[in-house]
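# Descriptive analysis of the structure
Each chain is listed here by its residues.
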Amino acid sequence: MLEEVERWLTRRSWSSADRPLNRLTDARAADPHRTSVSVVLPALNEEATVGAIVATIRRELMEKVRLVDELVVIDSGSTDATAAVARAAGARVVHRDAILPRIPALPGKGEVLWRSLLVTSGEIVCFIDADLKDFSADFVSGTVGPLLTDPAVQFVKAMYDRPFGDSAGLGDTAGQGGRVTELVARPLLNLHWPQLAGFVQPLGGEYAVRRSLLERLPFPVGYGVELGLLVDALHTVGLDALGQVDVGVRRHRHQDGQALGRMAAAIYRTAQLRLSRGHLVRPALTQFERGEKGFVPRTHAVDTEERPPMREIEEYAERRAA
């Protein structure tokens, strides 16, 4: 590990307990505009978990204390009751397709995160995945904390244990999970962006960023968005503006192996674009499923689209100027 990264780990890695809520609310009161907070949950068919997450944030961080100003669920085309459950729990729900309708929406998490900037107003934006189980408000307060108390910090990722439950229901395996992180993202970062080698969960979906930085970054539309934003933030504001906070344990729904393969391909593609801005000869991934007559190939397109920095979008500039 680079000496620079070792120093960064001692200066820019914290625990959520390092900043109690009263310290954060005092920081907010001192400068309420600069420290306004929007929480965004991108959601696709998450009716089983989204309600509890929304209810916890609303109760703990909007009613008991005033830390979060707005709580928005962006529905990216759910076919279940995700929108109704989120709305009943107290979130404002916006459908992806209702945001910036002149640009047809593409499928993918990054697309939803990019569009969320147009329907939120906080100067700090906190993204939280909607499939978390046993959710704690520390995921929000922990990641926004450094941004509220240190003006030099601009981008904070949550770090946590990711237990991997076995299929036999015999309990969790400590320290496992994050398979795409360990097999794809971490080797890529260590080899090509060694300054980012200190991030425990570089692909984690829980992070908080200053709007002034987010609006300058391009957004990969799919699975590559977390790696893309992290790498581009490094090049835009430097390592010392980035940080991470330990929030404990993250439990969520695990993807099957083929879904992980598609995720890995998209992340590799995102990295490749940033290394060379070149083009893959064939941006597709073929996987195999066993059928009645043997293995059947299934070919999937690899996410290659990226949205431009939001500040280049006319509607966003007009909204910010109003």
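The structure this text deals with has already been given above.
Heads up: these notes are all about the structure in this document. (Residues numbered from 1 in each chain as written. Predicted model: local features only at pLDDT ≥ 70, side-chain atom pairs only at ≥ 80, totals over all residues. Heavy atoms only, no water.)

## Here we look at the packing of aromatic side chains
Operational definition: The pairing test for Phe, Tyr and Trp rings, Trp by its six-membered ring, is centres within 6.5 Å, and the orientation test on the planes gives stacked under 30 degrees, edge-to-face over 60, and tilted for anything in between. Numbered from the N terminus, helices here are DSSP runs of H or I no shorter than four residues, and strands are runs of E no shorter than two. Accessibility here uses a 1.4 Å probe with only protein chains present; expressed as a share of the type maximum, an area under 20% marks a residue as buried, one over 50% as exposed, and anything in between as partly exposed. Think of it as a cone above the ring: NZ of Lys or CZ of Arg counts as a charge over the ring if it is within 6 Å of the ring centre and within 35 degrees of the ring normal.
On inspection of all chains with the given rule, the structure shows five aromatic pairs. Plain terms: the ring middles of Phe127 and Tyr207 are 5.3 Å apart, the flat faces sit at 65 degrees to each other, and that makes the pair edge-to-face. With Phe127 in strand E5 (residues 124-127) and Tyr207 in strand E10 (residues 207-210), the pair connects residues that are 80 residues apart, well separated along the chain. Summarising the burial analysis for this pair, Phe127 and Tyr207 share the class buried. Between Phe139 and Tyr160, the ring centres sit 5.9 Å apart and the planes meet at 35 degrees, which makes this aromatic pair tilted. Placement of Phe139 in helix H6 (residues 138-149) and of Tyr160 in strand E7 (residues 155-161) is noted, with a sequence separation of 21 residues between them. The burial state of Phe139 is the same as that of Tyr160; both residues are buried. An aromatic cluster of at least three residues, connected via ring pairs, comprises Phe127, Phe155 and Tyr207. Sitting over the ring of Trp14, Arg19 keeps its end group 4.4 Å from the ring centre. Cation over ring: Lys157 sits above Tyr207, and NZ or CZ is 4.4 Å from the ring centre.

## Thoughts on the pairing of strand E12 (residues 242-249)
Quick reminder of the rule: The rule for pairing is simple: two strands pair if DSSP sees at least two bridges between them.
Inspection of the sheet shows strand E1 (residues 13-15) paired to E12 by three bridges, in the parallel sense. Note on E12: the bridge partner recorded for Ser13 is Gln244. Pairing between E7 and E12: six bridges, direction parallel. Looking across to E12, one finds that Met159 is bridged to Asp246.

## Notes on the sheet that holds E1
We count it as follows: Axis lines are fitted through C-alpha atoms, for helices just across the contact stretch, and the angle between N-to-C directions can take any value from 0 to 180 degrees. Contacts between residues were defined by any pair of non-hydrogen atoms, one from each residue, lying within 4.5 Å.
The mixed open sheet is built from eight strands, whose spatial order is E1-E12-E7-E10-E5-E2-E3-E4. Looking at the sheet topology across the chains shown, the edges are occupied by E1 and strand E4 (92-95). In this sheet, neighbouring strand axes are inclined to one another by 25 degrees on average, regardless of whether the strands run parallel or antiparallel. Packed on one face of the sheet, helix H3 (residues 50-63) meets strand E2 (37-43) and strand E3 (70-75) and runs near 165 degrees to E3. On top of the sheet, helix H4 (residues 82-89) reaches E2, E3 and E4; it is set at about 155 degrees to E4, its chief contact.

## A look at the pattern of salt bridges
We count it as follows: Salt bridge criterion: a side-chain nitrogen from Lys or Arg within 4 Å of a carboxyl oxygen from Asp or Glu.
Summed over the entire model, instances satisfying the criterion amount to 23 salt bridges. Of the charged contacts in the structure, one is a salt bridge between Arg320 and Glu123, with a shortest N-O distance of 3.1 Å. Residue Arg320 is found in helix H11 (residues 314-321), and its partner Glu123 is found in the loop between helix H5 (109-116) and E5; the two are separated by 197 residues along the sequence. Residue classification places Arg320 among the partly exposed residues on the basis of a relative accessible area of 33%.

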